[in-house]
Each structure stands twice: as C-alpha cells, then as structure tokens.
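# Coordinates in review
One-letter residues, chain by chain:
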There are 2 protein chains.
Amino acid sequence: MRKPIAVRSLYGHVMHELGQRIVGGKVKPGEVLPREETLAESLQVSRTALREALKVLSAKGLIESRTGVGARVLEKRHWNQLDADVLAWRCASMPTDDFVDKLVEMREVIEPAAAANAARRRSTEQLAAIDAAYRAMDAAQTLDEWTAADLQFHDAVLHATGNELLQSLFSVVETALGTFFTLSARTAGNFKYSLPQHQKVLEAIRRKQPEVARKAMHAMIADSQANLQHSRGRARKKASA
Amino acid sequence: MRKPIAVRSLYGHVMHELGQRIVGGKVKPGEVLPREETLAESLQVSRTALREALKVLSAKGLIESRTGVGARVLEKRHWNQLDADVLAWRCASMPTDDFVDKLVEMREVIEPAAAANAARRRSTEQLAAIDAAYRAMDAAQTLDEWTAADLQFHDAVLHATGNELLQSLFSVVETALGTFFTLSARTAGNFKYSLPQHQKVLEAIRRKQPEVARKAMHAMIADSQANLQHSRGRARKKASA
DNA sequence: ATAGTCGATTTGTATGACAAACCGTCCGGG
DNA sequence: CCCGGACGGTTTGTCATACAAATCGACTAT
C-alpha cells in the first residue's frame, strides 16, 4: 500500500483534482457537477472528504452548492483569482500569453509601489532581510538557489512596506516569477543577469529614496517583460518552422 | 456595516464566529483551539458542521489542523489578508486608524493604476457600465443609493481594465469604501460631494487619457483620505473633551 | 390557463465508529 | 547520568449511515 510522497490530505487531493478541472475548463461555468454521492464514488473517497473539498472550492468562489440542485460552477468573475491555488491551477498547463501579460501587469501595479513604500518606511531589520536576500542571489550557484533567493528578495520588499495587505499579494508575484522562470529565454544561460537591477532597488530602499526605488523596480519588471517577449518570438518562429 | 446575507448556513455561522474570534484577537496566534468535540458542543453544532467551518478557516490561512495536536492559530503573516471575510472580520469592530491607513494605501496602489489601464483598454460596453454607475450616483436620493452606485462605479473601473486579477482586488476597495462611509464626516451632510471627482475619472476614461485618469483617481483618494483625517481629528477632540 | 400542492431529488446536518498521526512518558542500554 | 526507542493516550482524519430541509418540476383543481 504505497502512497505518493508529496502527501496531501485526502480532501486536498480531491480539491486539487476538481479545482483543476474547473479552472482548466473541463467543466464550464453554469454547469452543475454530478451529485456528491456519484462524485465521491468516482473519486474513490467518502462523501465526507468530498464535501470538505467542495466547501473549500466554494470558499474560493469556484462553485456554489444549493440543496436540491447541486454544485454549480460559478462565472469566472466570482472566482477568487488572487488565491494561490487558483493561480497555480491556471498555470498547471502552459499558461496562455494573455494570462502572462496580466501577471506582468499586476507586478507593474504592485511592485513599484511596494518598493517606494518600502523605501519610505523600512525598518533596519526589514532592510537587513532584503540585503540578505540580495546577497543570497549574488552567491547563488544554481538556478534553484537563485530562484529561491529571488522570491525571498521580492517577498522581503513587500514585507518592508509594513502593509500586510500588500504582502498578501506575494502569491501573485510568486506565480508571475514562477512562470517567468519557466518561460524565460535567459534563465538557462545566464540566470543572474538581473542582479544589478535588484541592487539598484536595494540601494534605493537603503537610502530611503522612494521614487528611485519605484523606477528601479519598474525598470526591472519592464526588462523581464521584454525578455519574455523575446522568448515568445523565438517560440513562435520555432513553432512555425 | 451592511449585512450581506440575512440567513446563513449553520457552518457559515460557525465559521464567522470562529473567524471573528481569531481575527479579533480573542485567540492569539500560536494558541490551539479546544478539541473539535468540545468546540462543537459549545457552539451547539455537530462535529460535521464544525469541521467544515474549520476547513474553510484553514483555507483562509487562519488555522492549521494537525492530527494529535489540534487546530493551531497561525501567525498573521499566513492569513489570507485579501479575503473578503477576513477583511470584514477586521472591520467587525471599529477598525483601528492603522488598518484604515493601510486600506487607503491599497486604494492608492490599485485604483489609479486601474483607472489608467481602463482608459487605455476599455471597451464601449465597459465605458457604458462606468457611465451608468456615474449617472446612478448623480441620481441618488439616499445615502444607500449613493453607496451602492459608488461601489458599482469603482467595480466598473476595475472591470474595464480587462484584467480579472485586478478586479479581484475589489474586495479591498469595497472594504475601504465601507469603512469610509462609516467613519467619514461628510457622508451624513453632503454625501455627493465627490461626484465631480468621479466625473473627471469617467471623462478621462471616456477620452482614453490614461495619465489624466490616473491623476483624477489619485486626487479622489487623496481627498477622501483628507476627509478621514478631518473626522478623526473631530473624534479625538470629542473623546478628550 | 394559472395557482397551489405534492413528490422526487439533492444537499445539509447529525451520529457513531475506527484509522492514523502526534506527543509525552517510560524504560532499557550505554 | 544521558540518550534513544517503544508505548500508550490524545486528537484529528476518514468512513458509513440516517434523516431533515430545501428546491424544482409535474400534476391537479379551479
């Protein structure tokens, strides 16, 4: 009796399975899922476990259960699009260019503003955290180390704003950076190319220069976007060749 | 604050009760809740209903259940701060000045950027929706009508960005506007005073002038913030008198 | 033709039972 | 004395079953 290593709880498995089906478009908004008893049987779990999964999906705004009717898939407009799971499900298959653009746009809204606020209000400890992340990026030997340190850097900047609401948007930044690493052309060859840009952000926050920090962060995002466009072009050419 | 739903499901009641206790600070991060059987008894529900509530709270990042240990309240850093329920619970009692400032800050990050993007990309239908909301604000006779139309206006602007991730931040804007209406000094006397500012945003979006729209939205938020500061001053004076 | 009623369907809640994971304790060996 | 492993109590995780409540559609009476 072997169990997968990445052990998730039973209900977690069910939730992911159904969540991916919905977000992936296998069942469309307006449709109703099979009745709980049937679903539970087809997923090999008890109705209890299934129902807990449905409750959480309902909390994420994906479905709505009504007695006598069933669980209906809600319109995308009701989905909790910023939820980490929902974002992950949207990236489960290769994300569309359209979606990547929206992620980049979110970064452009969030991160320059965050950098500016961080430059205004960062504490000494918060600056130290950003600095530590920067040094970890500098010291990174592998792509994995770099990725982890990069995420830590952006998280530390959000944290330094002192606004926990802003920090909760990290799931968006995380997803955006994740797809960037997946799609980007340069990551394989020279994954450290954006280090100087990170340094500029760090220094601006250290010196408490909000507008400098904002522009530095903006430049960094714009550059990574250009990078994406570039690799997109290559992918196109490759596909049509 | 307004009550969205009159009758809630049983598990919904339990979830709100526990959610408020946690967010309100009655049980602090690190503490563990009583065991499920005890909690269920004290809340007069079955373990089934209680567990569904706990699952959803867990999905919102408020608690973590581990077998053999119990349900532990997580650090605030893990909370899903952008969740509509979590925001509502933070406003359940009179929100702290600190929290209101953070809400305003979020608006300053989100809405000017959204207005600019809306001005860039709005469709004819999306513009019509913003226009309709504006006219509803103009025609409002009561504070309730105004409030509803105002929310609709800001939602329509977010929608017009065409970025559903951005639109999911409406819960934040909604909460911010809600506390504004609760706390603001001017709402009682002349609740329509911000109509011209909304008109400027509308016109800029109509004319597809991103930077004009951004500045108009920014001015609107800055003004409402000033308004809040003003009523805060009065509240202070009153309290110390 | 329409309103009201009834019944079939599906979710909501309750209850009891057991499995699985966790924690502290106790015990034995070094 | 110190330390590691086994053991048992505690708590959550999952399952099975039963019934209550809500909903929708069809049928009936007027």
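Below is a short write-up of the structure.

Basis of the calculations
Residues numbered from 1 in each chain as written. Chains lettered and ligands numbered in written order. Predicted model: local features only at pLDDT ≥ 70, side-chain atom pairs only at ≥ 80, totals over all residues. Heavy atoms only, no water. Contact = heavy atoms within 4.5 Å. Buried area = accessible area lost by both parts, 1.4 Å probe. Salt bridge = Lys/Arg side-chain N within 4 Å of Asp/Glu carboxyl O. Polar contact = N/O pair within 3.5 Å; in protein donor to acceptor, adjacent residues only side chain to side chain. Helix = DSSP H or I, 4+ residues; strand = E, 2+ residues; numbered from the N terminus. Nonpolar A, V, L, I, M, F, W, Y, C, P; charged D, E, K, R; others polar. Buried < 20%, exposed > 50% of the residue type's maximum accessible area, 1.4 Å probe, protein only. Lys, Arg positive; Asp, Glu negative; His and termini not counted. Least-squares fit on C-alpha atoms with pLDDT ≥ 70 in both. Near = heavy atom within 4 Å. Phe/Tyr/Trp six-rings, centres within 6.5 Å; stacked < 30°, edge-to-face > 60°. Lys NZ or Arg CZ within 6 Å of the ring centre and 35° of its normal. Pairing = 2+ DSSP bridges.

### Considerations on the interface of chain A and chain B
- The partner chain B presents 30 residues to the 30 residues of chain A that form the contact.
- Interface area for chain A against chain B, summed over the two sides, is near 2800 Å², with a carbon-plus-sulfur share of 59%.
- For the pair chain A and chain B, the number of links is 10 salt bridges.
- B:Arg121 is the salt-bridge partner of A:Glu105, the closest N and O atoms lying 2.9 Å from each other.
- Where chain A packs against chain B, one counts 18 residue pairs in polar contact (both at pLDDT 80 or more).
- Listing elements by their share of the side of chain A that touches chain B, those giving two or more residues are helix H3 (47-59), helix H4 (84-90), helix H5 (97-121) and helix H8 (164-167) of chain A.
- The biggest single contributor to the side of chain A that touches chain B is H5(A), with 10 residues.
- When grouped by side-chain class, the residues that make up the side of chain A that touches chain B number 15 nonpolar, 6 polar and 9 charged.

### Thoughts on the side chain of B:Asp150
Residue and element names in this part refer to chain B.
- Residue position: Asp 150 is located in helix H7 (residues 143-160).
- Arg 107 provides the closest opposite charge to the buried, salt-bridge-free Asp 150, at an N-O distance of 6.6 Å.
- Setting aside residues no more than four positions away along its own chain, Asp 150 makes contact with Met 137, Leu 177, Phe 181 and His 198.

### Description of the relation of the copies chain A and chain B
- Least-squares fitting of chain A to chain B yields an RMSD of 0.1 Å, with the transformation described by 0.1 Å of translation along the axis and a rotation of 180 degrees. Between the two chains, the operation in question is that of a two-fold axis.

### Thoughts on the protein's contact with DNA strand C
- Close to DNA strand C lie 20 residues; A:Arg47, A:Arg51, B:Leu10, B:Ser46 and B:Thr48 are nearest.
- For DNA strand C, the fraction of protein-proximal atoms (within 4 Å) that sit in sugar or phosphate groups is 66%.
- Take A:Glu36: an N or O atom from its main chain is 3.1 Å from a phosphate oxygen of DNA strand C.
- Measuring from a sugar or linking oxygen of DNA strand C, one finds a backbone N or O atom of B:Thr67 at 3.1 Å.
- Within the residue set of the surface near DNA strand C, elements represented by two or more residues are H3 and strand E1 (63-66) of chain A together with helix H1 (10-23) and helix H3 (47-59) of chain B.
- Ranked by the residues each element gives to the surface near DNA strand C, the list is headed by H3(B), at 3 residues.
- Tallied by class, residues from the surface near DNA strand C come to 5 nonpolar, 9 polar and 6 charged.

### A short note on the environment of A:Val109
- Mapped onto the elements of the fold, A:Val109 is located in helix H5.
- C-alpha separation for the pair A:Val109 and A:His218, spaced 109 residues apart in sequence, amounts to 9.2 Å.
- Those residues in contact with A:Val109 that lie beyond four places of it in its chain are B:Val109, B:Ile110 and B:Ala113.

### A short note on the packing of aromatic side chains
- Tallying each qualifying case throughout the model produces 4 aromatic pairs over all chains.
- An angle of 50 degrees between the planes, with centres 6.1 Å apart, marks the rings of A:Trp146 and A:Phe191 as tilted. One end of the pair, A:Trp146, is in helix H7 (residues 143-160); the other, A:Phe191, is in the loop between helix H10 (186-189) and helix H11 (195-206), with 45 residues separating them in the sequence.
- For A:Trp146, a relative accessible area of 1% corresponds to the buried category.
- Residue classification places A:Phe191 among the buried residues on the basis of a relative accessible area of 15%.
- Its end group placed over the ring of B:Tyr11, A:Lys55 keeps NZ or CZ at 4.4 Å from the ring centre.

### Considering the pairing of strand E2 (residues 70-73) of chain A
All names here are of chain A.
- Note: E1 against E2, 4 bridges, orientation antiparallel. Bridged to Glu 64 within E2 is Arg 72.
- Between E1 and E2, which follow one another and run antiparallel, lie 3 residues, and Gly 68 among them has a positive phi close to 90 degrees.

### What about unusual backbone geometry?
- Of note in the backbone geometry, A:Gln44 takes a positive phi value of approximately 65 degrees without being a glycine.
- Mapping A:Gln44 onto the fold places it in the loop between helix H2 (36-42) and H3.
- A relative accessible area of 71% places A:Gln44 in the exposed class.
- Phi is positive for B:Lys208, close to 55 degrees, though the residue is something other than glycine.
- Mapped onto the elements, B:Lys208 comes out in the loop between helix H11 (195-206) and helix H12 (210-240).

Keep in mind these values describe shape, not function.
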